[in-house]
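Coordinates in review
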Amino acid sequence: MKSTLQKLMLTAAVIASPFMAQADDHGDNLTYILVSHAPDSDSWWNTVKNGVSLAGEQMGVTVEYRNPSTGDLADMARIIEQAAASQPDGIITTLADFDVLSGPIRAAVDQGIDVIIMNSGTPEQAREVGALMYVGQPEYDAGHAAGMRAAGDGVESFLCVNHYISSPSSTERCQGFADGLGVELGGQMIDSGQDPAEIKNRVLAYLNANPDTDAVLTLGPTSADPTLLALDENGLAGDIYFGTFDLGENIVQGIKDGIINWGIDQQPFLQSYLPVVVLANYDRYGVLPGNNINSGPGFVTVDGLEMVEKYAGEFR
């Protein structure tokens, strides 16, 4: 016998099917291009790729993912220009550096291409370049919330491991954390680079030179994973306060093991999934949300790991 839930799902499917068929008759052959600033080596962006892929499949549109292989922002600017030259129906892009990227984005808008800013940048910057909206996490605000949380837990000093220092949004996370603690950022932020071995060595060197450091803040799996190894090596794993932005398999395990106090989930799946849905419905029916969409921040602790652990690195 089917459960009530199964019956409701079947009924919903029958009701939805004619409307889904009708949607297929509108806006056929829509193409969107998502351009990110991420280097190929950054596995965190796999969730973004999964989100945009699923949205394209569900909405019946073509979506391409493009990025500068090394994370070079000048290359990214050229990729945006190339994307605009191909005349897609819309461009979804990060705004990792306003000075470098605002020109190509404005040029795309001036060509009549709808643009949505996702992940990095701000709602104000999105409006300035003429984008339809912003979908993402206000980075300074997220860092500030994290700093206030850490302050409440007794933290007074910290190390911020910045693995993408060329992106202003990364520095905003560290600055927000310092302001939330009520301390100067100063030399508490290090440029760790993106090589795992180098990140580990620089974390070890800083903590050795600053043994009274209360906490470590990392900005994603790229810096969190080597930091976990560093803390295991110097014996501080589980003893030093450890917070991180974003999630990943090793971060989730670190939370589970009591080494990482919390992870800030900006929900990258939604950052790429929602813009495709918004653009497709805008092109087909002329409907558009009336405001920007904040995908985060949300704190993930050991008490809320079941769904996160199940989908870490895939949809979370």
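The coordinates are above.
Residues numbered from 1 in each chain as written. Predicted model: local features only at pLDDT ≥ 70, side-chain atom pairs only at ≥ 80, totals over all residues. Heavy atoms only, no water.

1. A short note on the sheet that holds strand S2 (residues 62–66)
Taking strand neighbours across the sheet as the criterion, the six strands line up as S2-S1-S3-S4-S5-S11 in an open arrangement whose pairing is parallel. Each edge of the open sheet carries a strand with a single partner, namely S2 and strand S11 (293–294). Bridge count between strand S1 (residues 31–35) and S2: five bridges; the pairing is parallel. Looking at the pairing, Tyr-32 lines up with Val-63 of S2. (Pairing = 2+ DSSP bridges. Helix = DSSP H or I, 4+ residues; strand = E, 2+ residues; numbered from the N terminus.)

2. Focus on the sheet that holds strand S10 (residues 262–265)
Spatially, S7-S6-S8-S9-S10-S12 is the arrangement adopted by the six strands of the open sheet, whose pairing is mixed. Either end of the sheet is taken by a strand with one partner, and the two such strands are strand S7 (189–191) and strand S12 (298–300). Each neighbouring strand pair of the sheet contributes to a mean axis angle of 20°, computed without reference to strand direction. In terms of strand pairing, strand S6 (residues 158–162) meets strand S8 (residues 215–218) through four bridges, oriented parallel. Looking across to S8, one finds that Cys-160 is bridged to Leu-217. (Axes fitted to C-alpha atoms, helices over the stretch in contact; angles between N-to-C directions.)

3. Digging into the pairing of strand S5 (residues 133–136)
Burial of the side chains of S5 extends over both faces: Met-133 and Val-135 are buried on one face and Tyr-134 and Gly-136 on the other. Note that strand S4 (residues 114–119) and S5 share four bridges and pair parallel. If you follow Asn-119 over to S5, its bridge partner there is Gly-136. With helix H5 (residues 123–128) bridging S4 and its parallel neighbour S5, the resulting β-α-β unit is right-handed. (Buried < 20%, exposed > 50% of the residue type's maximum accessible area, 1.4 Å probe, protein only. Right-handed = clockwise from strand over helix to strand, strands pointing away.)

4. Some points on the nonpolar core
One finds Val-35, Ile-91, Leu-101, Ile-105, Val-115 and Ile-117 to be the most contacted residues of the largest nonpolar core, which totals 24 residues. Every element with two or more residues in this core is listed here: S1, helix H3 (73–85), helix H4 (98–110) and S4. Contacts of Val-35, omitting those with residues within four sequence positions, involve Arg-66, Met-76, Ile-79, Ile-80, Ala-83, Ile-92, Thr-93 and Thr-94. (Core = buried A, V, L, I, M, F, W, Y, C linked by side-chain atoms within 4.5 Å. Contact = heavy atoms within 4.5 Å.)

So far we have only geometry, and geometry alone does not tell us how the molecule works.
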